[in-house]
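As a plain string of letters, each chain reads:
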Amino acid sequence: MTGTGQYADVNGINLYHESYGTGAPLILLHGGLGSGEMFGPILPVLADHHRVITVDLQGHGRTADIDRPLDVRLMAGDVAALIDHLGLDRPDVVGYSLGGGVAFQVAFQFPEKVGRLVAASANIRRDAIYPEMLQQQGQVSAAAAEFMKETPMYELYQRVAPRPADFPRLLDKIGVAMARDFDFTEEVRGLRVPTLVVAADADMAPPSHFAEVFGLLGGGLRDGGWMGESRPEGGHALALLPGLTHYNLFRSPLFAAVTLAFLDQE
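Participant: Explanation requested: the sheet that holds strand β8 (residues 237-245) in the structure shown.
Facilitator: Through backbone hydrogen bonds, the strands of a sheet pair up, either in parallel or in antiparallel fashion. Strand order in the open sheet formed by eight strands is β1-β2-β4-β3-β5-β6-β7-β8, with mixed pairing between adjacent strands. At either end of the open sheet lies a strand with only one pairing partner, and these are β1 (4-10) and β8. Between one strand axis and the next, the sheet turns through 20° on average, direction left out of account. When strand β3 (residues 24-29) meets strand β4 (residues 50-56), the two strands line up parallel, connected through six bridges. Counted as the bridge partner of isoleucine 27 is isoleucine 53 from β4. Helix α9 (residues 253-263) contacts β3, β4, β5 (92-96), β6 (117-120), β7 (195-202) and β8 of the sheet and is inclined by roughly 170° relative to β8.

So, in structure tokens, the structure goes:
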């Protein structure tokens, strides 16, 4: 499926984005070392119902890096500026992994700009990730570039990046970002945007972590009631997707299905 791609000069970055379909706007944010292209398998389904805007985040895909850290809080400012630039009225924001972290931040910092939020495979505390995964993340740096030359991430970057030689620099920045401790428990507790928490049943953090995030939003504390009258007050929901992992959730029809079910409910 081909969309129309263009750049927006916003917030000090030249942000690449593509638009697909028509309808209520949905901003779709990719995972680390990926780009909007990652969502290719599910884009047609989403674009059947929405105007889908994929964004290539700082230093990823067709968006060149700029001189600032790779930080979800700063990238959220880029997305908020893009919402204004495109004149969108409270689009839904859907993000996966790194993009889920950015999506959370857009809702934390700019709740008035967001309709609904879907955060997939996005842990809210660094220590929620399995210890062996934290160890692997600690090895991500420019030195790993040589070993990644056979990977889809490297192939994509070489094909679309404005400066293909920046790949080692991107790995360095991602390594630094992943090493930084974070805990967004209080921000989640204060969320004022209807939120769907999504994870694979074999994700990078245990299912209990995503249930904990749902709990911070008032979920899982009581029976929902015959008419759903006792569901979480903010309209929040939780989806654990069976048979998936952190590495294939983003292209799964199940992810598209639960996202649409949440965004399009009456």
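Participant: Can you help me understand the packing of aromatic side chains in this one?
Facilitator: Aromatic ring pairs: the centre-centre distance and the angle between the two ring planes describe each pair. Applying the stated rule across the entire model yields seven aromatic pairs. Ring centres 5.1 Å apart and planes at 45° place the aromatic pair tyrosine 96 and phenylalanine 250 in the tilted group. Of this pair, tyrosine 96 sits in strand β5 while phenylalanine 250 sits in the loop between β8 and α9, and the two are 154 residues apart along the sequence. The same class applies to tyrosine 96 as to phenylalanine 250, namely buried. Between phenylalanine 104 and phenylalanine 108, the aromatic rings sit 5.7 Å apart at their centres with planes inclined by 15°, giving stacked as the arrangement. Of this pair, phenylalanine 104 and phenylalanine 108 are both found in helix α3 (residues 98-109), four residues apart, which corresponds to roughly one turn of the helix. Its relative accessible area of 4% is what places phenylalanine 104 among the buried residues. For phenylalanine 108, a relative accessible area of 17% corresponds to the buried category. A connected cluster of aromatic rings, assembled from ring pairs, spans Phe104, Phe108, Phe182 and Phe184.

Participant: Please clarify how the side chain of histidine 209 should be interpreted in this entry.
Facilitator: For histidine 209, the location among the structural elements is in helix α8 (residues 207-216). In this structure histidine 209 comes out as buried when scored by relative accessible area, which is 2%. In this structure histidine 209 touches Asn123, Ile124, Arg125 and Ala128, once residues within four positions along its chain are discounted.

Participant: Quick question: what am I supposed to make of the pairing of β8 here?
Facilitator: Successive residues of a regular strand alternate their side chains across the two faces of the sheet. As defined by bridge partners, β7 adjoins β8 across six bridges and the pair is classed as parallel. Counted as the bridge partner of alanine 200 is leucine 241 from β8.

Participant: I would appreciate a short explanation of the environment of glycine 115 in the present structure.
Facilitator: Tracing the backbone shows glycine 115 in the loop between α3 and β6. On a C-alpha basis, the gap between glycine 115 and histidine 60 in space is 25 Å, while along the polypeptide they are 55 residues apart.

Participant: Would you explain unusual backbone geometry in this entry?
Facilitator: For residues besides glycine, phi is generally negative; the peptide bonds are generally trans as well. Its identity is not glycine, yet arginine 90 carries a phi of approximately 45°, on the positive side. Relative to the elements of secondary structure, arginine 90 occurs in the loop between α2 (72-85) and β5. The partly exposed category is assigned to arginine 90, whose relative accessible area is 48%.

Participant: I'm lost on the side chain of histidine 246 in this one. Help?
Facilitator: Along the polypeptide, histidine 246 turns up in the loop between β8 and α9. For histidine 246, a relative accessible area of 5% gives the class buried. In terms of polar contacts, histidine 246 uses its side chain to reach the side chain of aspartate 203, at 2.7 Å. Those residues in contact with histidine 246, other than ones at most four positions away along the chain, are Tyr96, Ser97, Ser121, Ala200, Ala202, Asp203 and Met204.

Participant: Looking at this structure, I do not really get the nonpolar core. What am I missing?
Facilitator: One recurring pattern in soluble globular proteins: nonpolar side chains tend to sit buried together. Ile27, Leu29, Val79, Val102, Phe104, Phe167 and Val188 are the most contacted members of the largest nonpolar core, which has 54 residues in total. Contacts of leucine 29, omitting those with residues within four sequence positions, involve Phe39, Val55, Leu57, Val79, Val93, Val94, Gly95, Tyr96, Gly99, Val102 and Ala103. Membership of the second largest hydrophobic core comes to 28 residues, among which are Leu26, Val52, Val118 and Leu260.

What counts, and where the lines are drawn
Residues numbered from 1 in each chain as written. Predicted model: local features only at pLDDT ≥ 70, side-chain atom pairs only at ≥ 80, totals over all residues. Heavy atoms only, no water. Pairing = 2+ DSSP bridges. Helix = DSSP H or I, 4+ residues; strand = E, 2+ residues; numbered from the N terminus. Axes fitted to C-alpha atoms, helices over the stretch in contact; angles between N-to-C directions. Contact = heavy atoms within 4.5 Å. Phe/Tyr/Trp six-rings, centres within 6.5 Å; stacked < 30°, edge-to-face > 60°. Buried < 20%, exposed > 50% of the residue type's maximum accessible area, 1.4 Å probe, protein only. Polar contact = N/O pair within 3.5 Å; in protein donor to acceptor, adjacent residues only side chain to side chain. Core = buried A, V, L, I, M, F, W, Y, C linked by side-chain atoms within 4.5 Å.

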